[in-house]
Structure formats: C-alpha cells, structure tokens
Amino acid sequence: AFSRSHPVMAGNSSLGGFVLLGITDSPQAQSLLFGLFLLVYLVTLVGNAGVVVLVGVAGSLHTPMYFFLAHFSLADVCYSTVISPRLLADLLSEERTISFAACAAQFHGFSFFATAECHLLAVMAYDRHLAICSPLLYVTVFSGRLCWHLVASSYLVAFLSATTYTSCVFGGSFCGPNQIDHFFCDASPVLQLCCSDTRSREVVVLALVALNGASTSLVILLSYFSILCTVLRMSSAQSRCRAFKTCTSHLVALSLFYGTLLFMYLQPMSSHGRLDKVVSIFYTLVTPMLNPLIYSLRNKEVKDALGKCGRR
C-alpha cells in the first residue's frame, strides 16, 4: 500500500504529496487503535470543552486562574483536533496520502498550539505563585487587561515560533522518497525526506525549541518551588497535605508533557527511531485527555460550580 511513489515538490514548485505510514500495518491492530484513540479523542473534547463552557457560565470561576485555564483547555481542544481526526481516518484507510500544503498546515497547527500550551502553563504557574505567595500583590497586579495581555503574548510567541518551525521544516527541496514514517507530519520524519542540506535549519529548530522550553520550564519550576516553600510554612497540616497533592499532580502532568516533547525535539535528527511514535502518542493524545482531570475536575471550586450548573 505504501510502495507507490508520489511526486513531492521542491521549494515552491508544484507537488503531489506525502504518504503517512502510520503506527502499524496490522489490520487487527488498526481496528483496536481506532477504537482506543476515538475514545481518547472524545474524552479530550468533552473534558476540555466542558471546562471552557463551565468557566464561561459560572460566575464563581470568573477569576484570572480560571481565565487562563479556559484558554489552556481551548488550546488542548485545538491541539488534539489537529492530530486526532487525521489519525483516525488513516487507521480506517489504505490510502494515507496527504498534500504538501495540508502536511505543512498540520505541522504549523501542532507546533502553534504546543508552544502556546507551554507559555500558558508558565502563565498559570506564575499566577498560582503570586496568589499563594503574595496574595495582597496578586489582587492589585492581576487585572483583566493584564490577563488578556499575557494570553495574547502567549499566542503571539507561539505563532511566530510555529511559523519559524514550519518554514525551516518545509522550506527545503523534496525530490526523493515521500513516505513519512509517522502518524502525523512531524519535524524529524519530514526533514529526513529533504534533499537539500538541513543542518542549519535543524539548528534553528533546536535552538528555538530549547529557548521556548527552557524559558517556560524555568518560570514553572521557580514558581512551584516558591509555592512549596510557602506551603511548608503553613501551620495547618491539612492545608499542607492538600497543597502538596495539588502541586504533585501538576508537576507529574508537566513532566509528562515537557519530558516527551523535549525528548523528541532536543535530540539530533540521526537519533530518532521507532520509539518516536510511542513517545508522540503521549504528548499529542494522552496529555490533552488528562489535563482537565488534573487541572480542573480535582478542584473543589470547579466541582461546586459544576454541581450548581447541574442543579440549574
């Protein structure tokens, strides 16, 4: 099914497309994975869209913390939708061709929402740091205008980064094999098909990923370290226990997202292999599904708001 050759463009010339090899060739495994990934995608949509709607209709959640959380959940919905529908369709189809433009658009959308999530996570961590460690300053600092500026800046940085990533990955010449050994148009398998020299473009991608990853993870780690120091000074053992549980669950989710993402994009292109597909499943499918549970549904305020909306 994947032995056919399709012409692929060089630079801005006309082209046919790529062929996505997917996760497996086994029909039985494809049927099983289709059911599993469909369930994961539906849970992701219901959970994250539910958070966005709940924050919009529940007056008790009209605070900076939940404003950022709603945008994070919206990014999760879009992030998952960039990958999952195409993956599900390919699991049911023998013809897995994708045009050059569609491939580039998918990668741009993926990198845009992934980068936006990194910066929104940093904003959310800083928000919690101020709220817990400097509550008086928090009330005066976090105005509605500042919240919109922080979210807008996250999207702006994400858009500029995604545009740079996409131009580096798809800006070369493609004149040889056109089979992408992945289930979506990711940077490494696409660059491996490039006929022109990719070293300078790989350096730009690595540098920009490192910059986005290091800057946001540093803000997150420093914020949570400050929160933990403040928690240790609390007199109530119950408050300390609750805060530790919250911080631990957040850090586990962050480690899963950042760990798998940075593992993929900070290693040399020559080091990529079959393990990439397994790792990619975690940051493209699993973490968007888990985020509503970790950041929202375990929160008492969200549970109370959900209960009130249900009674109404």
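Quantities reported herein were computed from a predicted structural model and do not represent experimental measurements. (Residues numbered from 1 in each chain as written. Predicted model: local features only at pLDDT ≥ 70, side-chain atom pairs only at ≥ 80, totals over all residues. Heavy atoms only, no water.)

### Let's talk about the packing of helix α2 (residues 64-91) against helix α5 (residues 144-170)
Relative placement of two packed helices is described by the angle separating their axes and the distance separating the axes.
Next, step 1: Here α2 crosses α5 at 25°, and the two axes come no closer than 10 Å. One finds that α2 runs roughly parallel with respect to α5. The way α2 lies across α5 gives a crossing that is right-handed. Contact with α2, carried on its side by P64, F67, F68 and H71, involves C147, W148, L150, V151 and Y155 of α5 and no other residues of that element. (Axes fitted to C-alpha atoms, helices over the stretch in contact; angles between N-to-C directions. Helix = DSSP H or I, 4+ residues; strand = E, 2+ residues; numbered from the N terminus. Parallel < 35°, antiparallel > 145°, perpendicular 65-115°, else oblique. Left-handed = near helix turned anticlockwise from the far one by under 90°. Contact = heavy atoms within 4.5 Å.)

### Some details on the environment of L256
Next, step 1: Along the polypeptide, L256 turns up in helix α8 (residues 237-265).
Next, step 2: For the pair L256 and T287, spaced 31 residues apart in the sequence, the C-alpha separation amounts to 7.4 Å.

### Remarks on the packing of aromatic side chains
Next, step 1: A full pass over the atoms with the stated rule returns 18 aromatic pairs.
Next, step 2: Measuring from centroid to centroid gives 4.9 Å for F67 and W148, while their planes differ by 70°, and the two rings are edge-to-face. Taken as a pair, F67 in helix α2 and W148 in helix α5 lie far apart in primary sequence, 81 residues in all.
Next, step 3: By relative accessible area, which is 51% here, W148 ends up exposed.
Next, step 4: Ring centres of Y79 and F110 lie 5.8 Å apart, and the angle between their planes is 20°; on these two criteria the pair is classed as stacked. With a gap of 31 residues between them, Y79 in helix α2 and F110 in helix α3 (residues 100-133) connect regions that are remote in the sequence.
Next, step 5: On the basis of relative accessible area, Y79 is assigned to the buried category, the value being 0%.
Next, step 6: Of the residues examined, F110 reaches a relative accessible area of 2% and is grouped as buried.
Next, step 7: Each member of the aromatic cluster is reached from another via a ring pair, and the members are F18, Y79, F100, F107, F110, F170, F174, F183, F184 and Y283. (Phe/Tyr/Trp six-rings, centres within 6.5 Å; stacked < 30°, edge-to-face > 60°. Buried < 20%, exposed > 50% of the residue type's maximum accessible area, 1.4 Å probe, protein only.)

### Here we look at the state of the cysteines
Next, step 1: By the definition in use, this model includes one disulfide.
Next, step 2: Here C103 engages in a disulfide with C185; their sulfurs sit 2.0 Å apart. Sign of the S-S torsion, about -120° for the bond between C103 and C185, identifies this disulfide as left-handed. Of the two residues, C103 sits in helix α3 while C185 sits in the loop between β3 (179-180) and α6 (187-191), which places them 82 residues apart along the sequence. (Disulfide = S-S within 2.5 Å.)

### A few points about the environment of T24
Next, step 1: Along the polypeptide, T24 turns up in the loop between β1 (18-20) and α1 (27-57).
Next, step 2: In sequence terms T24 and L91 are 67 residues apart; their C-alpha atoms lie 8.7 Å from each other.
Next, step 3: If near-sequence neighbours (up to four positions away) are discounted, T24 is found in contact with A29, Q30, L33 and R96.
Next, step 4: For T24, the side chain forms a polar contact with the main-chain nitrogen of S26, separated by 3.1 Å. (Polar contact = N/O pair within 3.5 Å; in protein donor to acceptor, adjacent residues only side chain to side chain.)

### Examining the UniProt feature "transmembrane region" (unreviewed entry) in the protein chain
Next, step 1: The UniProt record marks residues 36-59, 65-88, 100-123, 129-148, 206-231, 243-266 and 278-297 with the feature "transmembrane region" (unreviewed entry), using the residue numbering of this structure.
Next, step 2: Helix makes up 100% of residues 206-231 and strand 0%, with an end-to-end C-alpha separation of 36 Å.
Next, step 3: Here residues 278-297 runs as 100% helix and 0% strand, with 27 Å between its end C-alpha atoms. (UniProt positions renumbered as here; feature names shortened; annotations may be inferred.)

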